[in-house]
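What follows is the residue order along each chain.
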Amino acid sequence: MTTPSTDTDEAATSRPAAATEDGTTGAPLLQVRNLRKSFGGITAVDGATFDVDRGTITGLIGPNGAGKSTTFDLVTGVQTPDSGQVIFDGTDTTGWRPHRSANRGLVRTFQIARELDEMTVLENAMLAPRGQLGEQLWRAVLPGVRDEVVKQEERLREQAWETLEFLELDHLAEEYAGGLSGGQRKLLELARVLMLEPEMILLDEPLAGVNPTLETKLLERLHALRDDGYTFLLVEHDMDVIMNHCEPVIVLHQGSVLVEGPPEQVKSDDRVLEAYLGEDV
Amino acid sequence: MSARLDGPLAAATEWFDGRSDAALLLMLAAGLYALFTLVSLVLGYDLGGIVNTLRRITFLSAIYAMLVLALNLQWGYTGLFNLGVAGFMAIGVYTMGMLSTAPTTSPPGLGLPLPVGIAGGVLAAALVGTVASLPALRLRGDYLAIVTLAFSEIVRLTYRSPVFETFSVGGVSLGTGGSTGMSLPTNPIRMLFYENPQEVTSPPSAFGEAVFGTFEAIGVRAPVVEGTAYAIVLLVFVAGVYGLLRRVGNSPFGRVLKAIREDETVASALGKDTRLFKIKVFALGCGLMGLAAILWRIGGLASTEDFRPITTFYVFVALIIGGAGSNTGSVMGGAVFASLLFEGPNFVRRVATQYFDVGFGQTPNTIFEAVGPLASLDLTPLLAYTLSDVNVSALRLVLLGVVLVYLIQNRPEGLLGHRTETAASVDLGERPGGEER
């Protein structure tokens, strides 16, 4: 099973594999520059600066309150930074609203899985793809034009089934998302962002609440997807996962980057230990 | 997901849940017609009277069905709590009236052809819906409800204001009629039956003469024939709106709407410009509300009394009965509400006056006078009070309250709310092509 793909023109232009073939390969996919955000007296993100290279699973760790989730929010446009810059694939996307970033190829999942409960698993998956003709009201309704929409829907339906199969959710396709278990929700969330065929996916604790068997499978899938050209930025509290699966690892502490490097180096860095121990972890 | 009942009702509920949408609609229509035929017979109506009763409930059911369908798009599908239904209805009706009534009448209109007036009314409602949605879309849930409710009252009071009773713009006189209201153009169905449809005293056309003659012979008078024909036309409109909104719902567009209802943050994180979708939904829904209101009032009087918030409330009740999120449920809810809850109390009153001597001669004037005699076990004054002309609308509200409490206790999802309609332009039931790719 390979990465699901469509023949949609809009999606084709941003297919992950294409990115490694063009000239921009050298530059980091995501550049975060001096990002700052405070809430009242608390500075949640304080001058965070880091890069995420194409085709990596980059780990983002840090003690509680280090600013990981806020960084995610700032990068994906859920919140606007007070200052600093987010450059995605050569484009300055600072302050873009989330839907715009997503359409540019930068999507995220949520720390607490947010499912669309009253929609089926299949509908959840079919919601995500970019460039859906039927999202235009007139196309969805007008006879004649609608045939195109139906054709595209048939393709998307097949793509959704493949993606669900890839994540072993296909037996639940017709169930309501509200009835899924915690782990299944995490998988569905991943299915949804994959359906969008982004270039980069920000995963906020994708393994929280997932049982060990499923966790192993999910990590295998991540590696397979990485090999297909996807780029991941992963927030995770499970150190084993970070140390064994992420390269490089970025450590955030009090809103800024403390250390950045390969897992072995980060593991043996005194400052990191201090940051965590100082928090009694 | 649907709440289960115990006892004999459980079996009935299960049976009901097993039927297809079309079967349920047909059975509901047959049931309502049978019931109202029976009531008419009990009241001793002749054939003309029976037909007129059925015409009346068909007319009201069709209007409510359209309003509920439009609201279902906004609230049921997208979760937009629009409490301004009556305001958008008023905009449709008044715009149509001002465009199409003759310049010679009072209040004067522009005298444009009726189709222009109707299209103008629908567009105006849609346009104002769009404009109203712009600031409102920053608000969620209850706050949107408050803003739209206030908006609808502003619209109503503006139309009612003496300032706009008659006014002129660039030398052209226009008017809303203020608190006296505005006579609307005659019902276009009259073109079918009359030589000169604009005039009340017009002789019937050749076709009209033939039709009226046929029905007169079996005791159905001309106005009833005319009204029945119009009611049938309205059913066609309901079918059209239903078909349109079904397509809207069962499409990628509808899928995004459902996603917005469930969790707007997710929808936008997945690249959907949710504001744009909400604006479109407001425009389409409000336009349809305007259309329904035009079809409701045409040939009659436009009065701000018809566009009080209670009208919005009625449409919401009908949607709750039918089940938010289901288009078929919306039609059923509209029909059940209009015929049983809205018109029902009138018929109860008529039957009661005819068969029981509830002493309308000495109907008490206040609730205290009505309740007082209960001490001596005298029910009559209370009955008379409840069923008097003046209080039948109060009876309606009591009935609505009872029905709502019952529904929320036993079937919070409404008649068909649990039947979520597929949000795709294709069937999602089974994977085509079997197991293998």
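Structure: see above.
A brief structural summary. (Residues numbered from 1 in each chain as written. Chains lettered and ligands numbered in written order. Predicted model: local features only at pLDDT ≥ 70, side-chain atom pairs only at ≥ 80, totals over all residues. Heavy atoms only, no water.)

Quick notes on the pattern of salt bridges
All names here are of chain A.
Okay, step 1: Applying the stated criterion across every chain, the model contains 29 salt bridges over all chains.
Okay, step 2: Taking the shortest distance from any N to any O, the salt bridge between R185 and D117 comes out at 3.9 Å. Separated by 68 residues along the polypeptide, R185 in helix α8 (residues 182-195) and D117 in the loop between β6 (106-108) and α5 (121-127) bring together distant segments of the chain.
Okay, step 3: A relative accessible area of 19% means that R185 is categorised as buried.
Okay, step 4: By sharing partners, the salt bridges in this structure join R54, D89, R104 and E199 into a single network. (Salt bridge = Lys/Arg side-chain N within 4 Å of Asp/Glu carboxyl O. Helix = DSSP H or I, 4+ residues; strand = E, 2+ residues; numbered from the N terminus. Buried < 20%, exposed > 50% of the residue type's maximum accessible area, 1.4 Å probe, protein only.)

Remarks on the sheet that holds strand β4 (residues 83-88) of chain A
Residue and element names in this part refer to chain A.
Okay, step 1: An order of β2-β1-β4-β5 is seen for the four strands of this open sheet, with the pairing classed as antiparallel. In the strand order of this sheet, the two ends are held by β2 (42-52) and β5 (91-92), each with one partner.
Okay, step 2: Summarising the sheet, strand β1 (residues 30-39) and β4 pair through five bridges and their orientation is antiparallel. When the sheet's bridge partners are listed, Q31 is paired in β4 with I87. (Pairing = 2+ DSSP bridges.)

Structural notes on the interface of chain A and chain B
Reports of interface size often rely on the accessible area that becomes lost once the parts have come together.
Okay, step 1: Taken residue by residue, the interface counts 43 residues in chain A and 42 residues in chain B.
Okay, step 2: Buried area between chain A and chain B, both sides added, is near 3900 Å², and the carbon and sulfur share of it is 59%.
Okay, step 3: On the surface where chain A and chain B come into contact, there are five salt bridges.
Okay, step 4: Between A:E123 and B:K258 there is a salt bridge whose closest N-O contact spans 3.4 Å.
Okay, step 5: Applying the counting rule to chain A against chain B returns 20 residue pairs in polar contact (both at pLDDT 80 or more).
Okay, step 6: Counting residues per element, the ones that place at least two in the side of chain A that touches chain B are α4 (98-104), α5, α6 (137-141), α7 (146-166) and α8 of chain A.
Okay, step 7: At 11 residues, the largest contribution of residues to the side of chain A that touches chain B is made by α7(A). (Contact = heavy atoms within 4.5 Å. Buried area = accessible area lost by both parts, 1.4 Å probe. Polar contact = N/O pair within 3.5 Å; in protein donor to acceptor, adjacent residues only side chain to side chain.)

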